[in-house]
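Residue-level structural notes
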Amino acid sequence: MSKIVISGYYGFANAGDEAMLTAIVKSLRSRDASAELTVISGNPAATAARHNVVSIHRFNPLAIINAVRESDLLLSGGGSLLQDVTSRKSLLYYLSVLALGRWFGKKVMLFAQGIGPINSAFLRRLTRFVCSNADLITVRDADSLEELRRIGIPEQKVLLTADAVLTLPQADIRQGRLLLQSFDIPDNQRLIAVSVRKWQEEEKYLQELAAAADVLIEKYDAHVVLLPLQYPVDVDACRKMYQYVKKTDRCTVLDAACDTEMFLSLTGNFSLLIGMRLHALIFAAVMRIPFVGVSYDPKIDGFIKEVGGVSAGQINGLTAQEVVAAAAKALNSDAGSWRRLEVLCNKAMENISMAFSLLPDSQKHLKGE
């Protein structure tokens, strides 16, 4: 029985990270149902219950040491874990987990990660030292590949794949429809979702998005749903945006905690999604729903570029006119625009095959036996 430890930003009710964990766990179990999976989490009880895994606290060093020591493979799983923009401490934390895996002589894989930016010269050197000793690194976008090249990671250790969430199947939209109905959101109007998050201390972008929402409501006879991806953290930003919307009778804050399957089901009910958070866009892509990205981070630009999607521009200087124009472009895109996405989905599946290739019985796992 293979023993795999998964490290990441789990247990914090961030829909994107939880979706990545869902995708990783499902993909691993589809290949080896008997694999023993241990997830390092900020909320072990919730993680264990939701994903049916063993879970240990991210700040329980003895438990982490024991789990890694007994493992066959350490996966540093998904997300923008290696960056120092939001926190230098978090970068040091994830590097320390990776270093622990190598200390015990375990197979170590960085799994479909988004890398950077890493601005500190010292942290770039430390990242080069730790990651150069990993057995394999897969990244989800070309910008991350280039960042690792600049840092000095050996090219033969790095492969460009795609975000693990793209491996998730499409969800039945009925569950999402029931949740929308519980908020008295009509089912006889076009629904447009807007996913926002707090950005520094700015509110100008929320004002512009609200102005765009008013135009889209009128132009498309729509109802706008403000969708918090990280609950309850994003609810405040959604409520602030709602305060700037004039047509509040046709706008709703969806103040509800959702798991990955519910987010996908909800997304399938929308005609368009406008999103700041990367995985709001990825949920739309999985469900083949037109989307518009609002960029606050290179990872947004990277995904939009990879999939050939539509961007309303950067959060700084965002205008309602740009958002409305981008929405019209996305809604007028034809089915052929999803062809690049199919390529990315196939690349995302490669992550699991490569992870199992590192295990002792790799040929057995690769054959799906």
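Before going into details, it helps to say that this report is about the structure given with it. (Residues numbered from 1 in each chain as written. Predicted model: local features only at pLDDT ≥ 70, side-chain atom pairs only at ≥ 80, totals over all residues. Heavy atoms only, no water.)

1. Quick look at the pattern of salt bridges
Put simply, the test is: Definition used for salt bridges: Asp or Glu carboxyl oxygen within 4 Å of a side-chain nitrogen of Lys or Arg. In this description a helix means any DSSP run of H or I spanning at least four residues, a strand means any run of E spanning at least two, and both kinds are numbered starting from the N terminus. Here's how the labels work: a residue is buried when its accessible area is under 20% of the maximum for its type, exposed when over 50%, partly exposed in between, all with a 1.4 Å probe on protein chains only.
Inspection of every chain in the model, using the stated rule, returns 19 salt bridges. Linking Arg102 and Asp135 is a salt bridge whose minimum nitrogen-to-oxygen distance equals 3.2 Å. Of this pair, Arg102 sits in helix H4 (residues 88-103) while Asp135 sits in the loop between helix H5 (121-132) and strand S6 (136-139), placing them 33 residues apart in sequence. Residue classification places Arg102 among the partly exposed residues on the basis of a relative accessible area of 32%. According to the relative accessible area criterion, Asp135 is partly exposed, its value standing at 26%. Between Asp143 and Lys305 there is a salt bridge; the shortest N-O distance is 3.4 Å.

2. Things to note about the sheet that holds strand S13 (residues 310-314)
This is how the line gets drawn: Whether two strands pair comes down to DSSP finding at least two bridges between them. Axis angles are defined between N-to-C directions and span 0 to 180 degrees, where every axis is a line fitted to C-alpha atoms and, for a helix, only to the segment in contact. Contacts between residues were defined by any pair of non-hydrogen atoms, one from each residue, lying within 4.5 Å.
Spatial ordering of the open sheet is given by S10-S9-S8-S11-S12-S13, a layout of six strands whose pairing is parallel. The strands lining the two open edges of the sheet, one partner per strand, are strand S10 (251-253) and S13. Neighbour-to-neighbour, the strand axes of this sheet turn through a mean angle of 15 degrees, independent of strand direction. Pairing of strand S9 (residues 222-226) with S10, which is carried by three bridges, proceeds in the parallel orientation. When the sheet's bridge partners are listed, Val224 is paired in S10 with Cys251. This element, helix H9 (residues 235-244), spans strand S8 (190-195), S9 and S10 of the sheet and lies at about 160 degrees to S10.

3. Focus: the environment of Ser27
On the secondary structure map, Ser27 appears in helix H1 (residues 15-31). Using a relative accessible area of 11% as the deciding quantity, one classes Ser27 as buried. In contact with Ser27, other than residues within four places in its own chain, are Thr167 and Ile352.

4. Let's talk about the nonpolar core
Applied cut-off: Residues enter a nonpolar core if they are buried and are Ala, Val, Leu, Ile, Met, Phe, Trp, Tyr or Cys, with the set joined through side-chain atoms within 4.5 Å.
The biggest cluster of nonpolar side chains holds 108 residues, and the ones touching the most others in it are Leu166 and Ile274. Looking at this core, the element that brings in the most residues is helix H8 (residues 204-220), giving nine residues.

5. Some thoughts on helix H6 (residues 142-151)
Since the α-helix advances by 3.6 residues per turn, residues separated by three or four positions end up pointing in the same direction. To keep things clear, this is the line we draw: The arc in question is the one spanned by the directions pointing from the helix axis to the C-beta atoms. Here a polar contact means two N or O atoms within 3.5 Å. Within protein one must be a hydrogen donor candidate and the other an acceptor candidate, and residues neighboring in sequence count only if both atoms are side-chain atoms.
Among all positions of H6, only Ser144, Glu147, Leu148 and Ile151 are buried. Buried residues in H6, looked at end-on, bunch into an arc of 95 degrees, giving them a common side. Looking at the buried positions of H6, the neighbouring elements they touch are strand S5 (107-113), H5, S6 and strand S7 (158-160). You can read the cap of H6 off the contacts: a side-chain oxygen lies 3.2 Å from the backbone nitrogen of Asp143, and it is on Asp141. Just past H6, the residue Gly152 takes up positive phi, approximately 110 degrees.

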